[in-house]
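Inside the fold
Residue strings, one per chain:
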2 protein chains.
Amino acid sequence: MKIRPPTIKDVAERAACGVATASRVLNGRGPASEKTRRKVLAAAAELGFEFSDLGRSLQSSTTRTLGCVVPSLANPVFADVVQAAQAEANRAGYQLILACSDYDPELESRAIRTLLAKQVDGLIVTVSNVEDSEGLEQVRARGVPCALVYNRACRGFPAWSVDNRAAAARVAGEFAALGHRHTGFLALEFGRSDRSRERFEGFAEACAALGMAQPVLLEIAEQEGQLLELLRALLSANRDITGIFASNDYLALAAMQAARGLGRRIPQDLSIVGFDGIATGLMVEPNLATVVTDPRAMGEGAARTVLARLAGETPPAGPDPARTFSFRRGGSLGPPAPESMDGGEAATSPPPRQ
Amino acid sequence: MKIRPPTIKDVAERAACGVATASRVLNGRGPASEKTRRKVLAAAAELGFEFSDLGRSLQSSTTRTLGCVVPSLANPVFADVVQAAQAEANRAGYQLILACSDYDPELESRAIRTLLAKQVDGLIVTVSNVEDSEGLEQVRARGVPCALVYNRACRGFPAWSVDNRAAAARVAGEFAALGHRHTGFLALEFGRSDRSRERFEGFAEACAALGMAQPVLLEIAEQEGQLLELLRALLSANRDITGIFASNDYLALAAMQAARGLGRRIPQDLSIVGFDGIATGLMVEPNLATVVTDPRAMGEGAARTVLARLAGETPPAGPDPARTFSFRRGGSLGPPAPESMDGGEAATSPPPRQ
DNA sequence: TCCGAAAATGGAAACGTTTCCATTTTCATT
DNA sequence: AATGAAAATGGAAACGTTTCCATTTTCGGA
């Protein structure tokens with residue numbers, strides 16, 4: 001079933017010339033007589049010849065391939081990153097090899113190793129923990145151009161990322177302005193994402209600076225499918241909280257559902273703010289207040305940075321630090337109901353059926 | 001900056017042995033004395049040697065790489081397909097090279113060509129039009145194992161797909177049972193997706209069989225960002241329609257928003273049914289009625305089919321044709337309001353502000 | 001100590017390219 | 001027709017592997 005594809009040697013033979021000549025003609029470089037050119041081209045066409053990138057890559061020690069590692073495609077943020085990076089790579093004649101790490105540092109490092117073995121010319125990566133990444137060490141050892149996405153710059157690797165701390169601080173400011181005092185920070189797999197951690201830290205610091213209570217860390221262990229139940233438990237156990245900042249929009253949306261299931265009105269009984277700005281947030285009622293980021297710009301930028309280094313050009317600067325995010329108001333964020341502002345232990349409002 | 005990675009020759013030299021011996025030791029096959037083994041292993045470790053897949057692939061004419069072409073990652077259905085295919089490929093020691101065709105047959109065929117040039121061992125593909133795909137011709141010519149996803153089987157290529165016609169017929173049945181007579185079929189880029197076309201045809205046939213009016217084809221030209229405006233125009237121009245079947249959930253969701261923007265209540269004034277079963281459909285109010293599919297199963301199945309052929313095993317059968325989809329009821333589908341059932345040209349209900 | 005078999009070893013070819021360089025051909029001048 | 005420069009050509013090496021096969025080493029037993 002598997003056919004041996006014709007090689008340039010076959011073409012040369014059929015055209016009755018040397019492989020060097022065939023190569024020159026087919027690549028359009030170097031001299032060749034009109035007669036030979038025609039013979040070679042005809043032979044190639046008849047054989048249906050296509051270059052094998054393998055031989056080429058081996059010869060040139062260049063693969064025109066970029067590796068890309070992201071945690072998951074289920075998160076539209078990364079789907080967008082990948083798509084944009086891919087488009088940009090293609091534009092420059094590069095292909096993209098994708099690997100998903102599933103938020104697992106072990107898989108992440110294995111993926112990077114494999115990509116390196118495949119001799120990718122460059123890498124675009126979102127790692128679990130930028131400070132301590134075996135994968136990144138490998139990359140450095142090989143000296144392969146690499147840009148980080150949604151991680152902050154570190155150890156000389158350029159980064160296309162959101163200023164997580166500033167964004168989180170902004171959210172704290174919004175909460176404060178509306179009169180919230182007790183908030184929670186909702187995170188999934190906290191330990192496996194330094195993005196999450198940075199957002200929490202920025203949020204906590206700002207809360208302190210604004211005279212709010214220390215935010216409660218609501219951490220959820222990944223239990224596929226159980227999400228809603230876990231959220232309900234968490235919400236029920238923390239009834240004094242009037243606002244929740246979720247480390248991403250998916251969680252925020254899930255929290256909205258869970259809260260509604262418990263009969264808590266949004267935003268009167270509970271305000272929710274997300275992070276990312278995915279499209280779904282605009283489809284729900286009320287709209288999700290969130291930190292809007294631009295994943296496509298990040299993916300494209302990271303690709304451009306890597307490609308520029310490969311082309312020997314000076315890479316573009318990272319994103320303008322002042323504009324990596326914007327805050328989007330939405331119906332999910334409002335002032336807390338008066339009775340909640342006392343910070344009483346248990347809310348007194350009867351849970352109305354929605 | 002770019003470092004020349006150590007080759008097996010370097011290892012052999014440092015271990016003072018031949019490359020053949022080094023290769024045997026490093027691969028763990030073939031005989032080797034304990035002494036030599038140690039020397040080679042030590043040399044490799046000191047040098048930080050890793051095999052280059054390039055030389056290997058050239059030698060074995062096998063890349064342990066699968067190519068994957070989907071229209072877009074922005075649609076979570078395909079993101080899931082890719083993710084599942086990737087996971088399955090990895091499990092078997094294969095990598096995945098991704099390409100997005102952006103629903104463009106031209107890009108699609110180019111992507112396939114590039115993948116073939118890269119000597120992928122197999123392909124997992126969703127094409128724009130299964131009947132007429134230059135890319136698929138290339139694949140056949142090369143004899144590379146290939147499975148289709150979300151396309152129907154064709155010309156000997158196995159497929160992991162939904163029975164679009166049956167699913168569409170089911171939707172027609174649901175509409176009919178509720179008393180709908182005038183419906184519309186909403187599609188984006190109709191000409192670029194045979195999935196869309198099959199859904200429409202199945203829907204139209206079933207409508208006819210059920211004594212309903214021929215569904216109006218509501219086609220939208222891709223105008224990034226204008227979607228909502230276009231939908232509003234379409235809805236305003238077709239006020240006798242009581243139900244819309246959208247060719248995918250994204251469109252359905254957008255239609256819901258547009259309808260609401262026009263003051264039309266869902267489902268009283270307009271019922272909407274989607275296709276795919278993406279998570280967002282469960283987050284909106286009312287929930288989106290839709291045809292639920294299992295993209296992960298499709299991606300995984302397609303990968304398994306290809307991998308089995310590569311391993312010389314007999315590939316799994318495709319999905320059970322009777323279970324490729326299920327219908328999910330949702331608040332977006334209900335009986336039409338009585339006054340609409342007359343099929344009058346203009347609805348008489350005043351557009352209330354939502 | 002020597003023999004033969006088994007184990008270990010390394011040279012060389014092959015995989016499909018490109019490119020260097022030496023050789024051959026062409027062609028315009030004389 | 002002879003000359004020389006320019007153009008065209010093809011052999012061979014190199015890229016990093018694996019594998020075949022011939023050669024060398026080891027080792028148990030006589």
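The structure under discussion appears in the preceding block.
Every residue gets a number counted from 1 within its own chain, in the order that chain's sequence is written. A letter from A marks each chain and a number from 1 marks each ligand, given out in the order of writing. Where local features are concerned, this predicted model is filtered to residues with pLDDT of at least 70; where side-chain atom pairs are given and counted, the filter is 80 or more; whole-chain, interface and lining totals use all residues. Excluding hydrogens and water, the side-chain values take into account all heavy atoms of the structure.

Each helix corresponds to a stretch of at least 4 residues labelled H or I by DSSP, and each strand to a stretch of at least 2 residues labelled E; elements are numbered beginning at the N terminus. Scanning chain A from terminus to terminus reveals 12 helices and 11 strands. The atom set for the radius of gyration is the C-alpha atoms, and the globule formula is 2.2 Å times the number of residues raised to the power 0.38. Its C-alpha atoms give chain A a radius of gyration of 27 Å, clearly above 20 Å, the size a compact globule of 354 residues would have. Its C-alpha atoms give chain A principal-axis dimensions of roughly 90 × 40 × 30 Å. A simple rule labels every residue: compare its accessible area, found with a 1.4 Å probe on the protein chains alone, to the largest value its type can have, and call it buried under 20%, exposed over 50%, or partly exposed in between. Burial analysis of chain A (354 residues in total) assigns 51% to the buried set. When checking whether two residues touch, look at their non-hydrogen atoms; a contact exists if any pair is within 4.5 Å. Considering only intrachain contacts with a sequence separation of at least 6, the fraction spanning at least 24 residues in chain A is 71%. Only the protein chains shown count as cover for residues, with accessible areas throughout obtained via the Shrake-Rupley method and a probe of 1.4 Å. Summed over all atoms, the accessible surface of chain A reaches about 15,100 Å², with 52% contributed by carbon and sulfur. For the purpose of charge, His is not counted, nor are the chain termini; Lys and Arg are scored as positive and Asp and Glu as negative. Here the site of a charge means atom NZ of a Lys, CZ of an Arg, CG of an Asp or CD of a Glu. Distance between charge centroids for chain A: 9 Å, based on 39 positive and 40 negative side chains.

Our superposition of the copies is a least-squares fit, built on the C-alpha atoms of residues whose pLDDT is at least 70 in both. Mapping chain A onto chain B is achieved by rotating through 180° and translating by 0.0 Å along the same axis, at an RMSD of 0.1 Å. These values place the two chain copies in the arrangement generated by a two-fold rotation axis. Take the interface residues of chain A: 98% of them recur as interface residues in chain B, which is what a same-surface contact looks like.

The next thing to look at is the protein's contact with DNA strand D. Taken together, 26 residues surround DNA strand D, and among them A:Gly18, A:Thr36, B:Ile8, B:Ser23 and B:Ser52 come closest. To be near a molecule or strand, a residue needs just one of its heavy atoms within 4 Å of it. A share of 66% is what sugar and phosphate atoms reach among the atoms of DNA strand D within 4 Å of the protein. We call two N or O atoms a polar contact when they sit within 3.5 Å, provided that within protein one can donate a hydrogen and the other can accept it, with sequence-adjacent residues counted only if both atoms are side-chain atoms. Side-chain polar atom of A:Thr21 to a phosphate oxygen of DNA strand D: 2.9 Å apart, as the coordinates give it. Here the residues of the surface near DNA strand D sort into 10 nonpolar, 11 polar and five charged. Side-chain classes are defined by residue name, with Ala, Val, Leu, Ile, Met, Phe, Trp, Tyr, Cys and Pro counting as nonpolar, Asp, Glu, Lys and Arg as charged, and the others, Gly among them, as polar.

This part is about the sheet that holds strand 3 (residues 122-125) of chain B. Sheet architecture is open: 10 strands sit in the order 5(A)-4(A)-3(A)-1(A)-2(A)-2(B)-1(B)-3(B)-4(B)-5(B), paired in mixed fashion. On the outer flanks of this sheet lie strand 5 (159-160) of chain A together with strand 5 (159-160) of chain B, each paired with one strand and no other. Pairing between strands is defined by DSSP: at least two bridges between them are needed. In the sheet, strand 3 of chain B pairs with strand 4 (residues 146-149) of chain B via three bridges, with the strands oriented parallel. Bridge pairing in strand 4 of chain B links B:Leu123 to B:Cys146. Together, strand 1 (65-70), strand 2 (95-100) and strand 3 (122-125) of chain A together with strand 2 (95-100) of chain B form the strand contacts of helix 6 (residues 105-117) of chain A, whose direction differs from that of strand 1 of chain A by roughly 175°. To get an axis, fit a line to the C-alpha atoms, keeping to the stretch in contact for a helix; angles then go from 0 to 180 degrees between the N-to-C directions.

Mapped onto the secondary structure, B:Asp121 falls in the loop between helix 6 (105-117) and strand 3. In terms of polar contacts, B:Asp121 uses its side chain to reach the backbone amide nitrogen of B:Arg64, at 2.7 Å.

So, on to the side chain of A:Ser161. Residue and element names in this part refer to chain A. One can find Ser 161 in the loop between strand 5 and helix 8 (164-178). A distance of 3.5 Å separates the side chain of Ser 161 from the backbone oxygen of Asn 151, its partner in a polar contact. When neighbours within four sequence positions are excluded, Ser 161 is seen to be in contact with Tyr 150, Asn 151, Arg 152, Met 298, Pro 319 and Thr 324.

Residues and elements named next belong to chain B. In this fold, Arg 91 is placed in helix 5 (residues 76-91). Note: C-alpha distance between Arg 91 and Val 120 (29 residues apart in sequence) is 17 Å. A distance of 2.5 Å separates a polar atom in the side chain of Arg 91 from a polar atom in the side chain of Glu 88.

Time to look at the pairing of strand 3 of chain B. All names here are of chain B. Of the two faces of strand 3, the one carrying Gly 122 and Ile 124 and the one carrying Leu 123 and Val 125 are both buried. As paired strands, strand 1 (residues 65-70) and strand 3 are joined by four bridges and run parallel to one another. Bridge pairing in strand 3 links Val 69 to Val 125. The parallel pair strand 3 and strand 4 is bridged by helix 7 (residues 134-142), and the resulting crossover is right-handed. Assignment of crossover handedness uses the view with strands pointing away from the viewer, where a clockwise path from the first strand over the helix to the second indicates a right-handed crossover.

The linkage connecting A:Glu285 with the following residue, A:Pro286, adopts the cis geometry, with an omega of 0°. Turning to its location among the elements, A:Pro286 is positioned in the loop between strand 9 (271-276) and strand 10 (289-292). Cis geometry marks the peptide bond from B:Ile266 to B:Pro267; its omega dihedral reads 10°. Mapped onto the elements, B:Pro267 comes out in the loop between helix 11 (249-261) and strand 9 (271-276). For A:Gln119, which is not glycine, the phi torsion reads 65° and is therefore positive. Tracing the chain through its elements places A:Gln119 in the loop between helix 6 and strand 3. By relative accessible area, which is 22% here, A:Gln119 ends up partly exposed.

With that settled, the discussion passes to the packing of helix 8 of chain A against helix 9 (residues 194-209) of chain A. Residue and element names in this part refer to chain A. For the pair helix 8 and helix 9, the least separation of the axes is 7 Å and the interaxial angle reads 45°. Put simply, helix 8 runs oblique to helix 9. As helix 8 packs across helix 9, the resulting crossing turns out to be right-handed. Contact residues: Asn 164, Arg 165, Ala 168, Ala 169, Val 171, Ala 172 and Phe 175 in helix 8; Arg 195, Glu 198, Arg 199, Glu 201, Gly 202, Phe 203, Glu 205, Ala 206 and Cys 207 in helix 9. Split by residue class, the contact of helix 8 with helix 9 holds eight nonpolar, two polar and six charged. Each angle gets one of four labels, with under 35 degrees taken as roughly parallel, over 145 as roughly antiparallel, 65 to 115 as roughly perpendicular, and the rest as oblique. A crossing counts as left-handed when the near helix is turned anticlockwise from the far one by less than a right angle, and as right-handed when that turn is clockwise.

Glancing now at the pattern of salt bridges. Residues and elements named next belong to chain B. Salt bridges are identified by distance alone: a Lys or Arg side-chain nitrogen within 4 Å of an Asp or Glu carboxyl oxygen. All chains considered together, the criterion is met by 42 salt bridges over all chains. Ionic pairing is found between Glu 46 and Arg 14, a salt bridge with its closest N-O pair at 1.8 Å. With Glu 46 in helix 3 (residues 34-47) and Arg 14 in helix 1 (residues 8-14), the pair connects residues that are 32 residues apart, well separated along the chain. Judged by its relative accessible area of 53%, Glu 46 is exposed.

DNA strand C sits among 25 residues. The nearest are A:Ile8, A:Ser23, B:Gly18, B:Thr21 and B:Thr36. In the model, a sugar or linking oxygen of DNA strand C is placed 3.1 Å from a nitrogen or oxygen of the A:Gln59 side chain. Where the surface near DNA strand C is concerned, the elements lending two or more residues are helix 2 (19-27) and helix 4 (53-60) of chain A together with helix 2 (19-27) and helix 4 (53-60) of chain B. Per element, the largest residue contribution to the surface near DNA strand C is four residues, and it comes from helix 4 of chain A. Considering only residue class, the surface near DNA strand C consists of 10 nonpolar, 11 polar and four charged.

Residues and elements named next belong to chain A. An order of 7-6-8-9-10-11 is seen for the six strands of this open sheet, with the pairing classed as mixed. One side of each edge strand has no neighbouring strand; the edge strands of this open sheet are strand 7 (216-220) and strand 11 (326-328). Along the sheet, successive strands turn relative to each other by an average axial angle of 20°, direction set aside. As paired elements, strand 6 (residues 183-188) and strand 7 share five bridges and run parallel to each other. In the strand pairing of strand 7, Leu 186 is matched with Leu 218. Its contacts with the sheet put helix 11 (residues 249-261) on strand 6, strand 8 (243-246), strand 9 and strand 10, and the angle it makes with strand 9 is roughly 155°.

All names here are of chain A. At a minimum axis distance of 7 Å, the contact between helix 5 (residues 76-91) and helix 12 (residues 295-311) shows a crossing angle of 40°. With respect to helix 12, the element helix 5 is oriented oblique. For the element pair helix 5 and helix 12, the recorded crossing hand is right-handed. Across from Val 77, Asp 80, Val 81, Gln 83, Ala 84, Ala 85, Glu 88 and Ala 89 in helix 5, the residues of helix 12 making contact are Pro 295, Arg 296, Gly 299, Glu 300, Ala 303, Arg 304 and Leu 307. When the residues that make up the contact of helix 5 with helix 12 are grouped by side-chain class, the tally is eight nonpolar, two polar and five charged.

Geometric descriptors of this kind do not, in isolation, establish any biological role.
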